[in-house]
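These are the residues of each chain, in order.
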Amino acid sequence: MTDASGAQQQALRLRGGVAVITGAASGIGSGLARKALSLGMRVVLADVQEAALRDFAATLRGEVLAVPTDVSDAASVERLAQRAYAEFGAVDVLFNNAGVLTTGFSWEIEPERWKRSLDINFNGVLHGLRSFVPRLLQAARPAHIVNTSSVGGFLPSPLMAPYSVSKFAVLALSESLRAELEMLQAPIGVSLLAPGPVKTGIFNNPFGAHAGTAAQAFVDNMRGMLEQHGLTPDEFAGPVFEGIAAGRYWLIPQPEAFDDLFRQRNEDIMARRNPRMPW
Ligand SMILES: NC(=O)c1ccc[n+]([C@@H]2O[C@H](COP(=O)([O-])OP(=O)(O)OC[C@H]3O[C@@H](n4cnc5c(N)ncnc54)[C@H](O)[C@@H]3O)[C@@H](O)[C@H]2O)c1
């Protein structure tokens, strides 16, 4: 079947185009930024950690704009959009990438940590859409939006329920968005990015520090797996940009971390079998 947004992606401008990346100061965002620059893009880096953002921007060559941004704050994301358009006049690719991990037993995680997790991982994406989609529609030229979920957005995991919940929400939002843009025949492609293990600092996040012994053991185990099997952010960024250029909706660059578990889960659902431990 021909994919309308896929056809429109052929005209998407990468070289000379503008990429906006949230959560750009470290990890996957930093790899996407380096890759975008290597493709000749101009890059807007957004992150809540101002010093890290400034330091990272200083390591890059090319046209870079660093905008301190808290994606959980709609006004802050709106200022990011204003700065990006004021500086570069257009946006070609938006990466709603910023995210945090929150660990612990779901009933013990305090409401404030639940809220913060959903505010960053889900509302951060929503704020990105609310500020950028109207501008992209107004520009009426090919563009692409990449929303970052996770393998954990398909496979609920113990001890990180706020993460799973927020990443499932990103999955649903992205498919709704894609269908809506198709209904409007807008030249804006959408991708759902589901990383497997990528070697970043996500398991060092401060929310994990208060999570209790069970969660700490879980985090240590995940960190070990990450170190052993994870891709580096630079290795990960290559297939992401290939997928964007091909107009692919499902960006799941590490099938080895996904396919068997996903197939097993779907088969269990179809057979009405009780869920198993995913990892
Ligand atoms: N690393 C993995 O193995 C992995 C796996 C699946 C999904 N992901 C997803 O990839 C994305 C990037 O994660 P990462 O692994 O690079 O983590 P990371 O911790 O290295 O980077 C996340 C960045 O987001 C920034 N950030 C946090 N809160 C923010 C806010 N409120 N506003 C703006 N920026 C904020 C942080 O400062 C940091 O620079 C996340 O959405 C994460 O859930 C990562």
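Since we're looking at a predicted model, the values are computed, not measured.

### Some points on the pattern of salt bridges
Phase 1 of the analysis: Tallied over the entire structure, the rule returns 10 salt bridges.
Phase 2 of the analysis: The closest approach of N and O atoms between aspartate 268 and arginine 273, which form a salt bridge, is 2.8 Å.
Phase 3 of the analysis: Judged by relative accessible area, aspartate 268 falls into the buried class, the value being 5%.
Phase 4 of the analysis: By relative accessible area, which is 44% here, arginine 273 ends up partly exposed.
Phase 5 of the analysis: Notably, a salt bridge pairs arginine 276 with aspartate 268, separated by 2.7 Å at the nearest N-O pair.
Phase 6 of the analysis: Here the residues in one salt-bridge network are Asp268, Arg273 and Arg276, joined through shared partners.

### Section: the sheet that holds strand E7 (residues 250-251)
The pairing of strands in a sheet happens through backbone hydrogen bonds and is either parallel or antiparallel.
Phase 1 of the analysis: The parallel open sheet is built from 7 strands, whose spatial order is E3-E2-E1-E4-E5-E6-E7. Each of the sheet's edge strands pairs with one partner strand only, and the pair in question is strand E3 (64-68) and E7.
Phase 2 of the analysis: Where strand E6 (residues 188-193) and E7 come together, 2 bridges link them in parallel fashion. By the bridge assignment, leucine 193 is partnered in E7 with leucine 251.
Phase 3 of the analysis: The sheet strands contacting helix H3 (residues 50-58) are strand E2 (42-47) and E3, and the helix crosses E3 at an angle near 175 degrees.

### Re the confidence of the model for the protein chain
Phase 1 of the analysis: This prediction gives the protein chain a mean pLDDT of 93; 94% of its residues lie at or above 70.
Phase 2 of the analysis: Of the regions scoring below 50 in pLDDT, residues 1-10 engages in 17 contacts with residues more than four places distant in sequence or in other chains.

### Brief notes about the environment of leucine 136
Phase 1 of the analysis: Inspection of the secondary structure puts leucine 136 in helix H5 (residues 111-139).
Phase 2 of the analysis: By relative accessible area, leucine 136 is classed as buried at 2%.
Phase 3 of the analysis: Between the alpha carbons of leucine 136 and isoleucine 252 there is a distance of 25 Å; along the sequence they are 116 residues apart.
Phase 4 of the analysis: In this view, leucine 136 contacts Tyr85, Val91, Arg141, Ala143, Ile145 and Ile188; residues no more than four positions away in its chain are not counted.

### Concerning the packing of helix H2 (residues 27-38) against helix H8 (residues 233-245)
Phase 1 of the analysis: For the pair H2 and H8, interaxial distance at closest approach is 8 Å and the crossing angle is 60 degrees. When the axis of H2 is compared with that of H8, the two are oblique. Two packed elements cross with a definite hand, and for H2 against H8 that hand is right-handed. Each of Gly27, Ile28, Gly31, Leu32, Arg34, Lys35 and Ala36 in H2 lies in contact with H8, whose residues at this interface are Pro233, Asp234, Phe236, Ala237, Gly238, Val240 and Phe241.
Phase 2 of the analysis: Of the residues belonging to the contact of H2 with H8, the class tally is 8 nonpolar, 3 polar and 3 charged.

Calculation notes
Residues numbered from 1 in each chain as written. Predicted model: local features only at pLDDT ≥ 70, side-chain atom pairs only at ≥ 80, totals over all residues. Heavy atoms only, no water. Salt bridge = Lys/Arg side-chain N within 4 Å of Asp/Glu carboxyl O. Buried < 20%, exposed > 50% of the residue type's maximum accessible area, 1.4 Å probe, protein only. Pairing = 2+ DSSP bridges. Helix = DSSP H or I, 4+ residues; strand = E, 2+ residues; numbered from the N terminus. Contact = heavy atoms within 4.5 Å. Axes fitted to C-alpha atoms, helices over the stretch in contact; angles between N-to-C directions. pLDDT = per-residue confidence, 0-100. Parallel < 35°, antiparallel > 145°, perpendicular 65-115°, else oblique. Left-handed = near helix turned anticlockwise from the far one by under 90°. Nonpolar A, V, L, I, M, F, W, Y, C, P; charged D, E, K, R; others polar.

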